[in-house]
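So you can see what is in the structure, the chains are spelled out below.
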Amino acid sequence: MNHIYLHRLYAKRAELEAKLELYDARDCFGDEDVNDGTDRELRSRIDEISAEIDMLEHSRAG
């Protein structure tokens, strides 16, 4: 398994999670344009990356 690729996936997931946290925090400050679908896109991409990480980790263990 390519450890560099896995490391990049971890970093990308962390980046997306940070963006999602900032996006969600906008709601706390009364931003009216919060419901533009960005949160769904970020969550979907995080789920995709997490699934790929799980697959790579399981293939490494087996």
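Residues numbered from 1 in each chain as written. Predicted model: local features only at pLDDT ≥ 70, side-chain atom pairs only at ≥ 80, totals over all residues. Heavy atoms only, no water.

Notes on the overall build of the protein chain
Thought 1: If you tally the helices and strands in the protein chain, you get two helices and zero strands.
Thought 2: The C-alpha radius of gyration of the protein chain comes to 15 Å, more than 25% above the 11 Å expected for a compact globule of 62 residues.
Thought 3: Its C-alpha atoms give the protein chain principal-axis dimensions of roughly 50 × 15 × 15 Å.
Thought 4: Residue pairs in contact within the protein chain that sit at least 24 positions apart in sequence constitute 62% of those at least 6 positions apart.
Thought 5: Carbon and sulfur atoms make up 51% of the accessible area of the protein chain, which amounts to about 4,800 Å² in all.
Thought 6: Between the mean site of the 9 positive side-chain charges and the mean site of the 16 negative ones, the protein chain shows a separation of 7 Å. (Helix = DSSP H or I, 4+ residues; strand = E, 2+ residues; numbered from the N terminus. Rg over C-alpha atoms; globule rule 2.2 N^0.38 Å. Contact = heavy atoms within 4.5 Å. Areas by Shrake-Rupley, 256 points an atom, 1.4 Å probe, with all protein chains shown as cover. Lys, Arg positive; Asp, Glu negative; His and termini not counted. Charge placed at Lys NZ, Arg CZ, Asp CG, Glu CD.)

Side note on the pattern of salt bridges
Thought 1: Here the structure, examined in full by the defined rule, presents four salt bridges.
Thought 2: A salt bridge links Glu15 to Lys19; its shortest N-O distance comes to 3.4 Å. Note that Glu15 and Lys19 are positioned in helix H1 (residues 3-28) at a spacing of four residues, about one turn of the helix.
Thought 3: Taking the relative accessible area as the measure of exposure, Glu15 reaches 36% and is therefore partly exposed.
Thought 4: Here Asp24 and Arg43 are joined by a salt bridge, their closest N and O atoms 3.3 Å apart. Taken as a pair, Asp24 in helix H1 and Arg43 in helix H2 (residues 38-61) lie far apart in primary sequence, 19 residues in all.
Thought 5: On the accessibility criterion, Arg43 (38% relative accessible area) is partly exposed. (Salt bridge = Lys/Arg side-chain N within 4 Å of Asp/Glu carboxyl O. Buried < 20%, exposed > 50% of the residue type's maximum accessible area, 1.4 Å probe, protein only.)

Focus on the nonpolar core
Thought 1: Listed in full, the nine residues of the largest apolar core are Leu6, Leu9, Leu16, Leu20, Leu42, Ile46, Ile49, Ile53 and Leu56.
Thought 2: Going through the elements one at a time, H1 and H2 are the ones with two or more residues in this core.
Thought 3: If you tally residues by element for this core, the top one is H2, at five residues.
Thought 4: Beyond its immediate stretch of four places on either side in the chain, Leu42 contacts Leu16, Lys19 and Leu20. (Core = buried A, V, L, I, M, F, W, Y, C linked by side-chain atoms within 4.5 Å.)

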